[in-house]
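Coordinate analysis (summary)
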Amino acid sequence: MAGITRRQFIKLGAVGAGAVAVGSGLTTGWWGLEAHELADPKTDGDRLVPTFCEACFWKCGVLAHVKGGRVTKLTGNPKHPLSRGRLCPRGYAATGLLYDPDRLKQPLVRVKRRGEDVFTPVSWDAALDRVAGGMAKIRDNVGPEALALFSHGFGGSWFGQLVRAYGSPNIAAPSYAQCRGPREVGYGLTFGSGLGSPEPIDLENARVITLIGSHLGENMHNTQVQELADAIGKGAELVVVDPRYSTVAGKARYWLPVKPGTDIALLLAWMNVIVEEKRFDEAYIQAYAAGFDELRKHLADKTPEWAYPLTGIAPELIRESARFISAHRPASLVHPGRHTTWYGDDTQRARAMAILAALLGSYGRRGGYLVASKMDVPPYPIPKPARSPRPPVDKPKAGGFPFADELLAQGLRDATAPDTAAYPIEGWLVYGTNLLYSLPNQKATIEAIQRLDLLVTIDVLPSEITGWSDVVLPESTYLERHDDLWAASYKQPFVALRQQVVPPMYDSRPGWWIAREIGRRLGLTDVFPWRDASEYLQKRIALAGLDWKDLESTGVILGPKRATCEEEGLRPTFPTESGKIELYSAALAQAGFDPMPAFYAPEEAPPGAFRLLTGRSPLHTFSTTSNNRLAADCYPENEVWVNATAARGLPGFQKPLASGDRVMLVNQDGVRSGPVKVKVTERIRGDCVYLVHGWGHTAKGLSYARGKGASDSALMTRYRTDPVMGGTGMSVNFVRLERVEARS
Ligand SMILES: Nc1nc2c(c(=O)[nH]1)N[C@H]1C(S)=C(S)[C@@H](COP(=O)(O)OP(=O)(O)OC[C@H]3O[C@@H](n4cnc5c(=O)[nH]c(N)nc54)[C@H](O)[C@@H]3O)O[C@H]1N2
Ligand SMILES: Nc1nc2c(c(=O)[nH]1)N[C@H]1C(S)=C(S)[C@@H](COP(=O)(O)OP(=O)(O)OC[C@H]3O[C@@H](n4cnc5c(=O)[nH]c(N)nc54)[C@H](O)[C@@H]3O)O[C@H]1N2
Ligand code: SF4
Ligand SMILES: [Mo]
């Protein structure tokens, strides 16, 4: 386990904080400040301001320490159920974004051709007039639906209000069809509802935790990592299924290095063992589930011997791990995963995981899946937007995806080509999403952009998508602004406040102000009747009957905790069509899909090529933090993991590859990455290579991150669409390794 002991893993939160503090000592030159003034854990502020984090979308509670008008450090809010007094390394490092010298500092308007990334600064008035003028033109000439909003991040809610009032239903986020959409649909079809975020799972009380890819510890969702560490501390055991020996695999009783794309076969074989050997929860299935006989029949020939040649996992290991998983039911948690858009059969894989959870009787049980609840915080009273005359345009003209319950971001992109869409999209507002990194097939994204009448981005840093924009609006970072309230649906319901810690730097503005000013110019004044965000928030808190002063000083108000599982007196209900857990899905069958998950073999890598897999570094968030000098001190660029045996026999290389060598990755369509460092390791199968997502930047304004590492996004020219809900399976690209010629 790469030198990390169990104790260190359990203390990951603290390790992260220390690492960042030490790291800052190395590079503080760029802030013009000393290390102890920045991230030294001993430097308490004169003022403590509670707010919540935006360094990823988990949104932990933060206490910001302020001294002399500067944020000196961030710590976890002990009262907040998601942080429990700790942040993850990215959360601690978020001051590195606040004080990033490359930040967008004033509104910009494009002066050369799109994509040349050349801009001139303009006043806010000029920029907002240009944006509102462009939106008015689209509305008057084609109709408001021809404007799409791509939005990711909590501050996007203001732009959602704006675009809905303007009259467009075309609002999408890459967190659906590029992330957890298949899971939401797969669990929804099985239990009646998706899981949402944060997932209400009971890692803390689980006795066995099964991770299908979910690389917790690298995937650094703070609460989950803390709960996992607590569970391990209490003796919980792990089963990890991953073609790569992940950090968390190092803590596991069983590591199953499954052949990429074959998890459904493994899951079916596990269920075969659990059903044949009567290790499932018979009483639970009888009380709550429908379709068991069909499932039993379906599983009858899916033996471990059947799965062996498909998955590469030996039959005895499949049997043994199946028995192990079922021995501790119902406190045997099959983690539902989050980023599930892998191979295009993802809804069905999520279904297989949900069905396994049902056999273990763990849904609605302690140590399994809990039932979340939410506090009632009424919306700010504004007139309801008129229904737009045309429906959303994210699905292909014929067909569509019957089970998609949110819009597809790549669908809105593709609707920008008028021949495939019911009506064309002519303008994009892009809030907090680097579409060239989050959507597969960059060429299609660029072609769509070339067709647009108007492309506006609202961001905090220069990025690839800002480089292609007509107007770039600099938002204040989360530490400089208020945002809407967050009434979370979670096992412990709560309301959290994001509030301004320090005034906006440069000529940046908070999202609420930007959205309202665009709205005013379009005559949408009744949607934004409030003076500022603080007035808006106080009104909502008053309507909820809560105490504003309390929220302002603690950052979070907890709601009454309701029963979350049977052990607390809950009788689980399943809002499916049958009112039961649907092991067999009639809805899927009616729509022409497999009613129970079936295995289809993934395409093999061409000779000499590897399947490209991606994941996370605990120090970084997507493409957002690569320029953050605090985070980069500990992880300055990504590296490509290559299996040690495979590294010895590569065509075109005279010597075996060694760690630290640089190679180019060339994909099946001839797309080439920049030179990227190699990590030669036994910790990955020989049929795939692995990259942390979010590197290889080309944006001119990223003076630190530009040119570092390789972009997995550029290499993902292909994707396989999930026929059930339209997710973009992205682990279907293959790369060859090419030698980097020695430079003279
Ligand atoms: N190839 C590949 N593609 C992927 C993934 C992958 O692993 N590999 N992962 C997928 C997943 S799971 C997801 S959820 C999506 C994520 O997709 P995105 O959310 O698009 O993630 P990023 O690429 O980091 O882009 C975030 C953008 O938001 C900006 N930003 C950060 N903070 C703020 C803020 O406070 N305000 C504003 N206005 N902007 C801000 C950043 O500067 C950056 O430009 O990508 C998906 N796409
Ligand atoms: N530090 C950090 N943490 C994050 C994020 C971040 O940007 N940075 N992003 C957050 C977000 S939005 C999301 S969605 C999650 C994503 O994190 P996860 O939900 O964990 O999903 P992935 O990133 O797809 O998982 C990658 C893991 O799956 C393995 N894998 C690849 N192919 C297969 C396969 O065929 N079968 C199996 N069993 N395993 C496979 C990879 O080797 C890797 O270990 O992370 C969240 N947490
Ligand atoms: S998990 Fe980390 S980056 Fe994400 S919100 Fe929490 S502290 Fe911030
Ligand atoms: Mo995600």
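Residues numbered from 1 in each chain as written. Chains lettered and ligands numbered in written order. Predicted model: local features only at pLDDT ≥ 70, side-chain atom pairs only at ≥ 80, totals over all residues. Heavy atoms only, no water.

Observations regarding the site of ligand 3
Our working rule: Near is defined per residue: the residue qualifies when any heavy atom it owns lies within 4 Å of the molecule or strand. Residues are grouped as follows: nonpolar covers Ala, Val, Leu, Ile, Met, Phe, Trp, Tyr, Cys and Pro; charged covers Asp, Glu, Lys and Arg; every other residue, Gly included, is treated as polar.
By nearness alone, every residue bordering ligand 3 is listed as Cys-53, Ala-55, Cys-56, Trp-58, Lys-59, Cys-60, Leu-87, Cys-88, Arg-90, Gly-91, Met-220 and Asn-222. Here the shell around ligand 3 is built from residues that sort into 8 nonpolar, 2 polar and 2 charged.

Observations regarding the sheet that holds strand E17 (residues 494-496)
Note the threshold: A pair of strands counts as paired when DSSP detects no fewer than two bridges linking them. Helix and strand assignments come from DSSP, with helices taken as H or I runs of at least 4 residues and strands as E runs of at least 2, each series counted from the N terminus. Angular values range over 0 to 180 degrees, each being the angle between N-to-C directions of two axes fitted as lines to C-alpha atoms, with helices fitted over their stretch in contact.
Strand order across the open sheet formed by 3 strands is E16-E17-E18, with antiparallel pairing between neighbours. A strand with exactly one partner marks an edge of an open sheet, and here the two such strands are strand E16 (486-488) and strand E18 (556-558). Taken pair by pair, the neighbouring strands of this sheet meet at an average axis angle of 15°, ignoring direction. Here E16 runs beside E17; their pairing, made up of 3 bridges, is antiparallel. Counterpart to Ala-487 in the pairing with E17 is Val-495.

A closer look at the environment of Val-163
Counted only if it meets this: Contact between two residues is taken to exist if any of their heavy atoms lie within 4.5 Å; hydrogens are not considered.
Note on placement: Val-163 falls in helix H7 (residues 157-166). Here the alpha-carbon distance between Val-163 and Gly-511, two residues 348 residues apart in the chain, equals 13 Å. Sequence-distant contacts of Val-163, defined by excluding residues within four places in its chain, comprise Leu-147, Leu-149, Ser-168, Ile-171 and Leu-429.

Describing the side chain of Ser-438
Heads up, the rule is: Exposure categories follow from relative accessible area, calculated using a 1.4 Å probe and restricted to protein chains: below 20% of the type maximum is buried, above 50% is exposed, and the middle band is partly exposed. For the purposes of these results, a polar contact is taken to be a pair of N or O atoms within 3.5 Å, where, inside protein, one atom must be able to donate a hydrogen and its partner to accept one; residues adjacent in sequence count only when each atom of the pair is a side-chain atom.
Within the secondary structure, Ser-438 sits in helix H17 (residues 435-438). The exposure class assigned to Ser-438 is buried, which follows from its relative accessible area of 18%. A polar side-chain atom of Ser-438 sits 3.2 Å from a polar atom in the side chain of Thr-433. Aside from chain neighbours lying at most four places away, what touches Ser-438 is Pro-174, Gln-178, Thr-433 and Met-730.

Details of the pattern of salt bridges
Selection criterion: Salt bridge criterion: a side-chain nitrogen from Lys or Arg within 4 Å of a carboxyl oxygen from Asp or Glu.
Considering all chains together, one arrives at 50 salt bridges under this definition. Note that Glu-218 and Arg-244 form a salt bridge whose closest N and O atoms lie 3.0 Å from each other. Within this pair, whereas Glu-218 is found in the loop between strand E8 (208-212) and helix H9 (222-233), its partner Arg-244 is found in the loop between strand E9 (237-241) and strand E10 (254-256), the two being separated by 26 residues in sequence. The two residues Glu-218 and Arg-244 agree in class, both being buried. A salt bridge links Asp-483 to Arg-498; its shortest N-O distance comes to 2.9 Å. Taken together, the residues Asp-483 in the loop between strand E15 (471-474) and E16 and Arg-498 in the loop between E17 and helix H20 (511-521) connect sequence positions 15 residues apart. Summarising the burial analysis for this pair, Asp-483 and Arg-498 share the class buried. One salt-bridge network, held together by shared partners, links Asp-125, Asp-129, Arg-516, Glu-517, Arg-520 and Arg-521.

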